[in-house]
Amino acid sequence: MKRAMLPRLFPTALIAGFALLLSACGFTPLYGPQSVTKGLGAIEVVAPEGRAGYLLREKLEDALARDVNVLPSHRLVYTVKEQRYARGVRVDNVANRYELNLTADWRLLDTKTGQAVRAGSAAAAVTYDSADQPYASIAAQQDSQERAAAEVARKIQLDLAAWLAGKAP
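Position numbers for residues count from 1 along each chain, tracking the sequence in the order it is written. A pLDDT threshold of at least 70 governs which residues receive local features in this predicted model, and a stricter bar of 80 or more applies before side-chain atom pairs are shown or counted, although totals over entire chains, interfaces and linings include all residues. Only hydrogens and water are removed before side-chain values are computed, so all heavy atoms of the structure are retained for them.

### Quick look at the sheet that holds strand S1 (residues 43–46)
Pairing within the open sheet is mixed, and its four strands lie in the order S1-S2-S3-S4. The two strands at the open ends of the sheet, each matched to only one other strand, are S1 and strand S4 (116–129). On average, adjacent strands in this sheet sit at an angle of 25° to one another, irrespective of strand direction. Summarising the sheet, strand S2 (residues 74–89) and strand S3 (residues 95–110) pair through 15 bridges and their orientation is antiparallel. Each residue of the ladder has a partner; that of arginine 75, found in S3, is leucine 109. If DSSP finds at least two bridges between two strands, the strands pair. Secondary structure elements are taken from DSSP: a helix is a run of H or I of four residues or more, a strand is a run of E of two residues or more, and numbering for both begins at the N terminus. Under this scheme, a helix contributes an axis fitted over its contacting stretch, all axes are lines through C-alpha atoms, and angles between N-to-C directions fall in the 0 to 180 degree range.

Structure (structure tokens):
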């Protein structure tokens, strides 16, 4: 009976030992400190003109969990550059596959001083098929803009969270 219990206890003890070693390394989760979550929620996003700028603002406000009841401590301003390339061509020399590159150059401004405290650039590339039907082609292009905006927003959010946690390079 004792021999049957030993194999069961060994994996549990091994996991507990690894957890103890990991905690000794100084590992802390990025969103562990409440200052990161509160700091992200106090960032106001200012969008440039255009569909891509609007989509990115919507995705950023969702990613940062903007708290409208708190006065913003920082303001995020950015410019968006969008490029579309034909990547696939049919036999009749008509493009049917495209790549959309979305790049956002952003700056985080202190609302009290107006000075830039952090700046960066985030980019995403997505592909989509262009159908023969005009509405389907427009819908595919708009969907690619939304996917690219979501990816760029995620990259900006991770950069800001790392900076607020004091772990940014």
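### Here we look at the packing of aromatic side chains
Planes of paired rings set the category: under 30 degrees apart is stacked, over 60 is edge-to-face and the rest tilted, where pairs are Phe, Tyr or Trp rings (Trp by its six-membered ring) whose centres lie within 6.5 Å. Evaluation of the coordinates by the stated rule reveals one aromatic pair. Here the basic side chain of arginine 84 rests over the ring of tyrosine 98, its NZ or CZ set 4.2 Å away from the ring centre. By definition here, charges over rings are those cases where NZ of Lys or CZ of Arg is within 6 Å of the ring centre and within 35 degrees of the ring normal.

### Looking at the side chain of serine 130
In this fold, serine 130 is placed in the loop between S4 and helix H4 (134–164). Under this definition, polar contacts are N or O atom pairs within 3.5 Å; protein pairs additionally need one hydrogen-donor-capable and one acceptor-capable atom, and for neighbouring residues in sequence, both atoms have to be side-chain atoms. At 3.0 Å, the side chain of serine 130 and the side chain of serine 137 are in polar contact. Residue contacts are defined here by distance: any two heavy atoms, one from each residue, within 4.5 Å place the two residues in contact. In contact with serine 130, other than residues within four places in its own chain, are Ala95, Asn96, Tyr98 and Ser137.

### With respect to the environment of lysine 59
Note on placement: lysine 59 falls in helix H3 (residues 51–64). Spatially, the C-alpha atoms of lysine 59 and alanine 149 are 6.8 Å apart, while their sequence positions differ by 90 residues. Among residues more than four places away in sequence, those in contact with lysine 59 are Glu146, Ala149, Ala150 and Ala153.

### Quick look at the nonpolar core
Residues enter a nonpolar core if they are buried and are Ala, Val, Leu, Ile, Met, Phe, Trp, Tyr or Cys, with the set joined through side-chain atoms within 4.5 Å. For every residue, the accessible area (1.4 Å probe, protein chains only) is compared with the maximum for its type, and the residue is labelled buried under 20%, exposed over 50%, or partly exposed between those bounds. By size, the foremost hydrophobic cluster in this structure holds 30 residues, and its most contacted members are Leu56, Leu60, Leu76, Val152, Ile156 and Leu160. Of all elements in the fold, only helix H2 (34–41), S1, H3, S2, S3, S4 and H4 reach the threshold of two or more residues within this core. Sort the elements by how many residues they give to this core and H4 lands first, with eight residues.

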